[in-house]
Amino acid sequence: MDHTENVDQDAVLRARTMLLGSGRPDVGRQVEAYRVLSAVSPLTYLPKLTEALLSYGYAPEVRDLPDVRLARYAEAAVAARRIDAGEHNRTELLVRALSAYRRELCAAGRRAEGLAVCEEMAEAGRWGFAHGQVPSPVYGQGPLAVVLAEEGRHQEAADLCGESVRIARSKSSAEVSKTRAPSGSSEAPETPEAPEAPEASFWELLEWAAELDAAGCHDAALEVFADIVAGSRAKAARNGTALAILIWQLVHRAGMLDAAGQCVEARAARLEALTFLSELDRTGERESWSNILTWWVTLYALSGRSAEPPPRPGSPAPPFGSPFLDWSPDVKKGYLDGLAALEEQVAGLKEAARAEPSGRLPDVVALHRRLTIRAAVRRENRSHLILKPLRPLFDEGVALARDAAYATGADTAAAVAAPADEAGATGTAGTADVEQSRKALARALTDRSMFLVAAGQYGEAHDDYCEALDLLG
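My aim in this report is to walk through the structure given alongside it, one point at a time. None of these values were measured; they are calculated from a predicted model.

Reading the values: rules and limits
- All chains use their own residue numbering, which begins from 1 and follows the written sequence.
- The model is predicted, so local features are restricted to residues of pLDDT at least 70 and side-chain atom pairs to those at 80 or more, both for listing and for counting; the totals for chains, interfaces and linings are taken over all residues.
- The basis for every side-chain value is the complete set of non-hydrogen atoms in the structure, without hydrogens or water.
- Put simply, DSSP H or I for four residues or longer makes a helix, DSSP E for two residues or longer makes a strand, and each gets a number counted from the N terminus.
- Each residue gets one of three labels from its accessible area relative to the maximum for its type: buried under 20%, exposed over 50%, partly exposed in between, using a 1.4 Å probe on protein chains only.
- It only takes one pair of heavy atoms within 4.5 Å for two residues to be counted as in contact.
- Note on areas: Shrake-Rupley with a 1.4 Å probe; residue coverage comes only from the protein chains shown.
- Two kinds of site are reported from a 1 Å grid over the protein atoms alone, namely cavities, where a 1.4 Å probe fits but cannot get out, and pockets, open sets with protein on both sides within 12 Å along at least five of seven lines, and residues are called lining when an atom falls within 4 Å of a point.
- Grid points are joined across faces, edges and corners, and a volume is the space filled by probe spheres set on the points.
- For this classification, the nonpolar set comprises Ala, Val, Leu, Ile, Met, Phe, Trp, Tyr, Cys and Pro, the charged set comprises Asp, Glu, Lys and Arg, and every other residue, Gly included, is treated as polar.
- In this analysis, the expected span of each helix is defined as 1.5 Å times one less than the number of residues it contains.
- Residues adjacent in sequence count toward polar contacts only when both atoms are side-chain atoms; beyond that, a polar contact is any pair of N or O atoms within 3.5 Å, and within protein one must be able to donate a hydrogen and the other to accept it.
- Stacked, edge-to-face and tilted are the three classes for Phe, Tyr and Trp ring pairs, Trp counted by its six-membered ring, which pair at centre distances within 6.5 Å; planes under 30 degrees apart are stacked, over 60 edge-to-face, the rest tilted.
- Lysine NZ or arginine CZ positioned within 6 Å of the ring centre and within 35 degrees of the ring normal marks a charge as sitting over the ring.
- We define the nonpolar core as a collection of buried residues of types Ala, Val, Leu, Ile, Met, Phe, Trp, Tyr and Cys that are connected through side-chain atoms lying within 4.5 Å of one another.
- By definition, a salt bridge exists where a carboxyl oxygen of Asp or Glu is found within 4 Å of a side-chain nitrogen of Lys or Arg.
- Whenever a helix is involved, its axis is fitted only over the stretch in contact; in every case the axis is a line through C-alpha atoms, and angles between N-to-C directions fall within 0 to 180 degrees.
- Throughout, the term roughly parallel applies to angles under 35 degrees, roughly antiparallel to angles over 145, roughly perpendicular to angles from 65 to 115, and oblique to all others.
- Helix crossings get a hand from a simple test, with the near helix turned counterclockwise from the far one by less than a right angle marking a left-handed crossing and a clockwise turn marking a right-handed one.
- An arc is given here, and it is the one of the directions from the helix axis to the C-beta atoms.

The subject of this paragraph is the overall build of the chain. Assigned secondary structure in the chain consists of 19 helices and zero strands. Across the 473 residues in the chain, those meeting the buried criterion constitute 47%. In the chain, the proportion of contacts linking residues at least 24 apart, taken out of those at least 6 apart, comes to 62%. Accessible surface, the chain as shown: approximately 23100 Å² in total, 52% of it carbon and sulfur.

Now the structure itself:
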């Protein structure tokens, strides 16, 4: 429907003339024109105004002007909400506009409003699915799960993630069924290979497992992560995924099993990882893969969640298990800004440890690991070149863990170098101290091994990993 009353017809004429000119106007002038024309022909011009405002928010001149970006995305959201329900791209445009608006709200510290916009995105996706505009009822729901996780509302986030996985699996199952002959058909279609069981993506499953674990549903999280490993194992069998990814997953699962007290299963997972790491050491990857560092760094960061401060009102925490690029802007900034403070704390603890090694070094090892994880997250999101910048941190982590092991007592070094079942409470070191030092050193060696896998240094990674396994027995 057109609306011509109370409209400046001269302004309308100028807008049409500008858009019809021989040269394409810049995005700022397009926005001006579409603002005028959307008042006259909203059916035609509200979608165009929304698109132009979204592009306008990315303009180079406003890169350092957050208030201007926020205003442009807020206007884009208003325009998108007004798009006619019959416009087939309405839901996609609305979710895009709301997503951009939500990011700027969170960057400005207006998280309550950002959460409300996330809820609106999820509702828009459900509406769009019901009206045939998007392919899934959970379209646009991802940011809501992320923000809930950042706020510490892990059970709610887990419920949303679980819904996404179930829908992905049901869609996959329906697609598989389409490949089969219809009932009563005398002839089945030729299929060179039987389809695998329906599966959600690695990222959907990982986010679900991470939120279940954070919500205290540890057994359920283990089951979901077992599905992740099973899927990657099947893909690796047909060269459909990198061996490195499967190794990182197996090592992470071993850590989860340790935490659940399932030590036999944890050792089996580690030995399976060793099998694939030995293959990498001998022959490298079976296929050439593009940048897969995000898999490594996301799992590495998730492994350190328990050492990080939990979210509190007014102080959100990272949604560990989600890729860094999916975190809210304020959470990204807070996490990386904390690097400088961690460096100072590590330096102070190192100084104190010189006077009291046995009492302070374990704390230095733990804090240094937090520092290394954050540095890895920052580096991976800036460059795929990680070996030279990050290696000193991982080397220092191993050195500190060795120092801590030796500092536990005169006979602890021998115990640390021996298999777990041979170590005992000898000399001045008790069994608990020996066990603690062994685990800390094994973890530092495993961390460095997985980093070296990510950096393509398979021989050194294999050596570190074998030493870690010897320590754990």
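There's plenty left to go through after this.
Time to look at the environment of Asp159. Mapped onto the fold, Asp159 is located in helix 8 (residues 154-178). Separated by 14 residues in the primary sequence, Asp159 and Ala145 have C-alpha atoms spaced 8.6 Å apart.

If a probe as big as a water molecule is rolled over the atoms, it shows which places are left empty. The final tally for this structure, using the stated rule, is three cavities of 30 Å³ or more. The wall of the largest cavity is formed by 14 residues, among which His368, Arg369, Gly397, Ala444 and Asp447 lie closest to the centre. For the lining of the largest cavity, the elements supplying multiple residues, two or more each, are helix 15 (357-380), helix 16 (387-407) and helix 18 (431-454). A total of five residues in the lining of the largest cavity trace back to one element, the largest contributor, which is helix 18. By residue class, the composition of the lining of the largest cavity is seven nonpolar, three polar and four charged.

Turning next to the layout of surface pockets. Within this model, the largest pocket holds a volume of roughly 1400 Å³. Lining the largest pocket are 48 residues, with Gly255, Met256, Asp258, Arg270 and Arg443 sitting closest to its centre. When residues of the lining of the largest pocket are traced back to their parent elements, those giving at least two are helix 9 (202-214), helix 10 (218-237), helix 11 (243-259), helix 12 (263-283), helix 13 (293-303), helix 15, helix 18 and helix 19 (458-472). Take the lining of the largest pocket: its biggest share by element is nine residues, from helix 18.

In a regular helix each residue adds 1.5 Å, so 21 residues correspond to 30 Å; helix 12 covers 30 Å between its end C-alpha atoms and thus fits that length. If you check which residues of helix 12 are buried, you get Ala266, Ala269, Arg270, Ala273, Leu274, Phe276, Leu277, Ser278, Glu279 and Leu280. One or two steps after helix 12, the chain reaches Gly284, where phi turns positive at roughly 75°.

This paragraph deals with the environment of Arg81. Relative to the elements of secondary structure, Arg81 occurs in helix 4 (residues 66-81). Take Arg81: its relative accessible area is 34%, and that puts it in the partly exposed class. On a C-alpha basis, the gap between Arg81 and Leu93 in space is 9.1 Å, while along the polypeptide they are twelve residues apart. A polar contact is formed between the side chain of Arg81 and the side chain of Glu120, at a distance of 2.7 Å.

In this structure the tally under the stated criterion is 14 aromatic pairs. The interplanar angle of 75° and the centroid separation of 4.7 Å between the aromatic rings of Phe202 and Trp203 together place this pair among those described as edge-to-face. Assigned by exposure class, Phe202 and Trp203 land together as buried. One aromatic cluster is present, built from ring pairs that chain together Trp296, Tyr300, Phe394 and Phe451. Its end group placed over the ring of Tyr56, Arg72 keeps NZ or CZ at 3.3 Å from the ring centre. Looking at Lys332, its charged tip hangs above the ring of Phe324, at a distance of 5.5 Å from the centre.

Turning our attention to the nonpolar core. Core analysis: the largest hydrophobic core is formed by 99 residues, its most contacted members being Trp248, Trp296, Leu390 and Val453. The leading source of residues in this core is helix 11, at eleven residues. Not counting residues up to four positions away in its chain, the partners in contact with Trp248 are Ile292, Trp295, Trp296, Leu299, Met450, Val453 and Ala454. One finds Leu54, Tyr73, Ala79 and Leu94 within the second-largest nonpolar core, a separate group that totals 35 residues.

One pass over the structure, following the stated rule, counts 29 salt bridges. In this structure, Glu123 engages Arg126 in a salt bridge whose closest nitrogen and oxygen atoms are separated by 2.9 Å. With Glu123 and Arg126 both in helix 6 (residues 111-130) and three residues apart, this pair spans about one turn of that helix. The class of Glu123 is partly exposed, set by a relative accessible area of 43%. Salt bridges sharing common partners tie together Arg391, Asp395, Arg448, Glu460 and Asp464.

For the rest of this paragraph, the subject is the packing of helix 18 against helix 19. Closest axis-to-axis distance for the helix 18/helix 19 pair is 8 Å, and the angle between their directions is 160°. Compared by their axis directions, helix 18 and helix 19 come out roughly antiparallel. Seen along the crossing, helix 18 lies across helix 19 with a hand that is left-handed. Where helix 18 approaches helix 19, its residues Arg438, Lys439, Leu441, Ala442, Leu445, Thr446, Arg448, Ser449, Met450, Leu452 and Val453 are matched on the opposing element by Tyr458, Glu460, Ala461, Asp464, Tyr465, Glu467, Ala468, Leu471 and Leu472. Tallied by class, the residues present in the contact of helix 18 with helix 19 amount to twelve nonpolar, two polar and six charged.

Okay, unusual backbone geometry next. With phi around 60°, Asn239 is a residue other than glycine that occupies positive phi space. With respect to the element layout, Asn239 can be found in the loop between helix 10 and helix 11. By relative accessible area, Asn239 is classed as partly exposed at 31%.

Take helix 16 next. Here helix 16 contains 21 residues, and its C-alpha end-to-end distance of 30 Å stays within 8% of the 30 Å for a straight helix at 1.5 Å per residue. Of the residues making up helix 16, those classed as buried are Leu390, Leu393, Phe394, Gly397, Val398, Leu400, Ala401, Ala404 and Ala405. Axial view of helix 16: buried residues confined to an arc of 160°, hence all on one face. Turned more than 90 degrees away from the buried face of helix 16, the exposed residues are Lys388 and Tyr406.

Structurally, the position occupied by Ser328 is in the loop between helix 13 and helix 14 (329-355). Overall, Ser328 belongs to the buried group, its relative accessible area being 0%. Within the local environment of Ser328, its side chain forms a polar contact with the side chain of Glu150, the two groups lying 2.7 Å apart. Excluding its chain neighbours within four sequence positions, the residues that come into contact with Ser328 are Arg102, Cys106, Arg111, Val147 and Glu150.

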